[in-house]
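# Inside the fold
Listed below are the residues making up each chain.
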Amino acid sequence: MSENTNWFTNLKDPNRIYFYSQRDTYGEFSNFYPAQITDHTGKVWPTTEHYFQAKKFENTEHEEIIRNAKTPGQAAKQGRSRSRPLRKDWEEVKENIMMEALRMKFNQHEDLKRVLVDTGDRILVEHTKNDFYWADGGCGNGKNRLGVLLMELRAEILANMEAN
């Protein structure tokens, strides 16, 4: 059986949850999902996508432009534009920034936290051919870093719940 055949069999695995669009089942896990977050300075961000993309240009005029984008899609497009001066340490800090955004989102919205916790020990996979880093690349060869960070956050939340 080829690797791709195994992958498509995995798509039906009940121990995996696949997500992508904020409009689909488990859309709450999408960074485009409309859940405002408030950072440690009190600044409000429309979505985690706005926050993540803007932090590529922290402490510059570009950060505010992206924070104020009308939609998460516009924030993503602006954040991916290489006409803006990407911070030099981006590759080193991007996963920490994503985790920071996820922590704010799921800790500031009890309903979303419940959705995440209720996934139990199932494997979370962002499923799209558009991204081999944050998602599975559509064929299972991607790193699925968003799914991995969500599972790490779920474990963190559960540990905190048990401790209290």
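Attention here is on the structure that accompanies the text.

Criteria and cut-off values
Residues numbered from 1 in each chain as written. Predicted model: local features only at pLDDT ≥ 70, side-chain atom pairs only at ≥ 80, totals over all residues. Heavy atoms only, no water. Salt bridge = Lys/Arg side-chain N within 4 Å of Asp/Glu carboxyl O. Buried < 20%, exposed > 50% of the residue type's maximum accessible area, 1.4 Å probe, protein only. Helix = DSSP H or I, 4+ residues; strand = E, 2+ residues; numbered from the N terminus. Contact = heavy atoms within 4.5 Å. Pairing = 2+ DSSP bridges. Axes fitted to C-alpha atoms, helices over the stretch in contact; angles between N-to-C directions. Parallel < 35°, antiparallel > 145°, perpendicular 65-115°, else oblique. Left-handed = near helix turned anticlockwise from the far one by under 90°. Nonpolar A, V, L, I, M, F, W, Y, C, P; charged D, E, K, R; others polar.

Right, let's get into the pattern of salt bridges. Proximity of charged atoms lets side chains of opposite charge pair with each other. Taken as a whole and judged by the stated rule, the model has 13 salt bridges. Note that D13 is salt-bridged to R16, the shortest N-O span being 3.7 Å. For D13, a relative accessible area of 22% puts it in the partly exposed group. Linking E95 and R145 is a salt bridge whose minimum nitrogen-to-oxygen distance equals 2.6 Å. With a gap of 50 residues between them, E95 in helix 5 (residues 90–108) and R145 in helix 7 (residues 145–163) connect regions that are remote in the sequence. One network of salt bridges, with partners in common, ties together K55, E58, E63, R87 and D89.

With that settled, consider the environment of L124. Note on placement: L124 falls in strand 4 (residues 123–126). Given a relative accessible area of 0%, L124 falls into the buried group. Considering only alpha carbons, one finds L124 and A76, 48 residues apart in sequence, at a separation of 22 Å. Discounting chain neighbours no more than four positions away, the residues touching L124 are I17, F19, F29, L116, T119, N144, G147, L150, M151 and R154.

Attention now moves to the pairing of strand 1 (residues 16–19). Along strand 1, one buried face is formed by R16 and Y18 and the opposite face, lined by I17 and F19, is buried too. Summarising the sheet, strand 1 and strand 4 pair through four bridges and their orientation is parallel. The partner of I17 across the bridge, within strand 4, is L124.

Time to look at the packing of helix 5 against helix 7. It is at 10 Å that the axes of helix 5 and helix 7 come closest, and there the two elements cross at 50°. Compared by their axis directions, helix 5 and helix 7 come out oblique. Crossing angle aside, the handedness with which helix 5 passes helix 7 is right-handed. Contact residues: E95, M98, M99, L102, R103, F106 and N107 in helix 5; R145, L146, L149, L150, E152, L153, E156 and I157 in helix 7. Within the contact of helix 5 with helix 7, the residues separate by chemical class into nine nonpolar, one polar and five charged.

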